[in-house]
Number of protein chains: 2
Amino acid sequence: MAISHHLVASVVQKGDMVVDATCGNGYDTIFLAQLVGDEGSVLALDIQAVAIENTHTRLTELGLIHRVQLINASHAYLDEYLPNQISAAMFNLGYLPGGNHQITTSGPETTTAIEHCIKRLRPGGLITIVAYPGHPGGREEKKYVKDFLSQLDQKEYETWQLNFINQRNQPPCLFVVSKLDGGAL
Amino acid sequence: MAISHHLVASVVQKGDMVVDATCGNGYDTIFLAQLVGDEGSVLALDIQAVAIENTHTRLTELGLIHRVQLINASHAYLDEYLPNQISAAMFNLGYLPGGNHQITTSGPETTTAIEHCIKRLRPGGLITIVAYPGHPGGREEKKYVKDFLSQLDQKEYETWQLNFINQRNQPPCLFVVSKLDGGAL
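Notes on the structure in this doc start here. (Residues numbered from 1 in each chain as written. Chains lettered and ligands numbered in written order. Predicted model: local features only at pLDDT ≥ 70, side-chain atom pairs only at ≥ 80, totals over all residues. Heavy atoms only, no water.)

### Quick notes on the relation of the copies chain A and chain B
Superposing chain A onto chain B requires a rotation of 180 degrees together with a translation of 0.0 Å along the rotation axis, leaving an RMSD of 0.0 Å. On this basis, the relationship between the two copies can be described by a two-fold rotation axis. Measuring from the rotation axis to each C-alpha of chain A, the shortest distance belongs to A:Leu162, at 2.2 Å. When the interface residues of chain A are mapped onto chain B, 100% of them again lie at the interface, so the same face is used by both copies. (Least-squares fit on C-alpha atoms with pLDDT ≥ 70 in both. Contact = heavy atoms within 4.5 Å.)

### Section: the packing of aromatic side chains
Inspection of every chain in the model, using the stated rule, returns two aromatic pairs over all chains. Between the aromatic rings of A:Trp160 and B:Phe164, the centroid separation amounts to 6.1 Å while the plane-to-plane angle is 45 degrees, which identifies the pairing as tilted. Here A:Trp160 is found in strand 6 (residues 157-164), whereas its partner B:Phe164 is found in strand 6 (residues 157-164) on a different chain. The pair A:Trp160 / B:Phe164 is uniform in exposure class, with both members buried. (Phe/Tyr/Trp six-rings, centres within 6.5 Å; stacked < 30°, edge-to-face > 60°. Helix = DSSP H or I, 4+ residues; strand = E, 2+ residues; numbered from the N terminus. Buried < 20%, exposed > 50% of the residue type's maximum accessible area, 1.4 Å probe, protein only.)

### Some words on the interface of chain A and chain B
Between chain A and chain B, the residue contacts involve 27 residues of the former and 27 residues of the latter. Ranking the residues of chain A by area buried against chain B places A:His6, A:Ile165 and A:Asn166 at the top, with a combined share of 29%. Summed over the shared surface of chain A and chain B, the number is zero salt bridges. Taken together, chain A and chain B are joined by 12 residue pairs in polar contact (both at pLDDT 80 or more). Within the side of chain A that touches chain B, the residues separate by chemical class into 14 nonpolar, nine polar and four charged. Taken together, the five bridges between strand 6 of chain A and strand 6 of chain B define a ladder with antiparallel strand orientation. Note on strand 6 of chain B: the bridge partner recorded for A:Asn163 is B:Gln161. (Buried area = accessible area lost by both parts, 1.4 Å probe. Salt bridge = Lys/Arg side-chain N within 4 Å of Asp/Glu carboxyl O. Polar contact = N/O pair within 3.5 Å; in protein donor to acceptor, adjacent residues only side chain to side chain. Nonpolar A, V, L, I, M, F, W, Y, C, P; charged D, E, K, R; others polar. Pairing = 2+ DSSP bridges.)

Here it is, written out as structure tokens:
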């Protein structure tokens, strides 16, 4: 959901380190690479080689590839690559659009990855997670993520769930985690 | 919720006409007046004279009063004052902080006002509504607003509900209406 772009753009500055935990076809990676500028860096992971290839191609065409570190691995292994401090991380769950619908993210892997990102998140930074309850396993993953986020300490983090309320057919929902820096986001 | 400020700031430009439907102590009015610049204008209403006075004082102190039209009337009468096109409107429901808690907004008045704003909203513009289910009548008003927004045509509008998921004690929730302009917000 592009509302996640509005929120991320409101906190990311040129020179920042940010994460695309599930780069897929590179839509969020490109957006993040444009935000951080030549001084910043995007860490982008995907478990599928075809996703990494698609993203690599698009970034190269746009002259943005030098701003991105692409890793072909599950987001569950994010902590092996994460810099010390990030200002934002984006997650887009489910399957690769145009790819094999049997290969999907899962609740335990996703919450492990979110936990890693939370530990490195700077005050004022945020994490966005788009979940798709409409595919097999997607409903369980959404619940898993929500249960995890519900337990974060409200003195340190604000977490929200954004639902479409006038859309049919199990629309996606967006979760947002914001690390407080004295004031609410 | 200041997340509403992030969203409104992402669509309002200098020179725009915008609305604070319930100016209260002027917090959102000041924010909007800063966004629209000297060429723009904020229409701000409140049913309570003390709210109008408080907002007037703050705007004057900040040198922003010339950007704001203050009207002492219920937001249900917004249509008498609305310009032809607005890029954003903000609603903060419930009672006046520091004022009489018996004087609150109500579902029918609020949805009437939202409806007026929707008719004048430019494509790409948005409306934010913060609802407080924790006070008497607040729960009913929230439901009333949600039922109204749920019926908006999804081909023309996106509507979301944002809930805190790690806060105790009936936290406020935020509704957002976005008028589509070919792409989702």
